[in-house]
Amino acid sequence: MHLDWTALGEVTAVSIGVTVGVVVVFALGVLGLAQVETARERDGGTHALGIAQAGLCFLACAAAVTYGIYLIVPQFH
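Reading guide: rules and limits
- Residues numbered from 1 in each chain as written.
- Predicted model: local features only at pLDDT ≥ 70, side-chain atom pairs only at ≥ 80, totals over all residues.
- Heavy atoms only, no water.
- Helix = DSSP H or I, 4+ residues; strand = E, 2+ residues; numbered from the N terminus.
- Rg over C-alpha atoms; globule rule 2.2 N^0.38 Å.
- Buried < 20%, exposed > 50% of the residue type's maximum accessible area, 1.4 Å probe, protein only.
- Contact = heavy atoms within 4.5 Å.
- Areas by Shrake-Rupley, 256 points an atom, 1.4 Å probe, with all protein chains shown as cover.
- Salt bridge = Lys/Arg side-chain N within 4 Å of Asp/Glu carboxyl O.
- Expected span 1.5 Å × (residues − 1).
- Axes fitted to C-alpha atoms, helices over the stretch in contact; angles between N-to-C directions.
- Parallel < 35°, antiparallel > 145°, perpendicular 65-115°, else oblique.
- Left-handed = near helix turned anticlockwise from the far one by under 90°.

> Hey, could you go over the overall build of the protein for me, with residue numbers and the actual values?
Counting secondary structure elements, the protein contains two helices and zero strands. Whereas a compact globule of 77 residues would reach a radius of gyration of roughly 11 Å, the protein reaches 18 Å, over 25% beyond that. Going through the 77 residues of the protein one by one, you find that 10% of them count as buried. Look at the contacts in the protein between residues 6 or more apart in sequence, and 40% of them connect residues 24 or more apart. Entry remark: accessible area of the protein is about 6,000 Å², with carbon and sulfur atoms responsible for 73%.

> Got a sec to walk through the pattern of salt bridges? Specific residues and values, please.
Applying the stated criterion across every chain yields a total of one salt bridge. The partner of Arg 40 in a salt bridge is Glu 37, and the shortest N-O contact between them spans 2.9 Å. Here the residue Arg 40 and the residue Glu 37 both occupy positions in helix α1 (residues 5-43), the gap between them amounting to three residues, near one helical turn. Residue classification places Glu 37 among the partly exposed positions, given a relative accessible area of 38%.

> An account of α1 is needed here, citing residue identities and associated values.
Between the first and last C-alpha of α1 there are 57 Å, a value that for 39 residues agrees with the 57 Å anticipated at 1.5 Å per step. For α1, the complete set of buried residues consists of Gly 29, Gly 32, Val 36 and Ala 39. At its buried positions, α1 is contacted by α2 (48-72). Once α1 ends, the next one or two residues include Gly 44, with phi positive near 80°.

> Break down the packing of α1 against α2 for me, with residues and values.
Running from amino to carboxyl end, α1 crosses α2 at an angle of 155°, the nearest separation of the two axes being 7 Å. It follows that α1 is roughly antiparallel to α2 by the angle criterion. Handedness of the α1/α2 crossing: left-handed. For the pair α1 and α2, the contacting residues are Val 22, Val 25, Phe 26, Leu 28, Gly 29, Val 30, Leu 31, Gly 32, Leu 33, Gln 35 and Val 36 in the first and Gly 50, Ile 51, Gln 53, Ala 54, Cys 57, Phe 58, Ala 60, Cys 61 and Ala 64 in the second.

That is the geometry; function is a separate question.
See below:
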């Protein structure tokens, strides 16, 4: 039995990279929501940039998860 260690290393590196990327993007989305709450407490208004940031970040996370499910489930191909 032959094990392709290079391919295993590539899969591991990409998996770790994508995982860290999704976590960072999600954290930026939470930061956007925190900006909205801070603006609401400070002056009673909303922070449109924070809402947009949170929406785009959460949309990117959902897209990454959906693509991962697409790659895993063979009936989608």
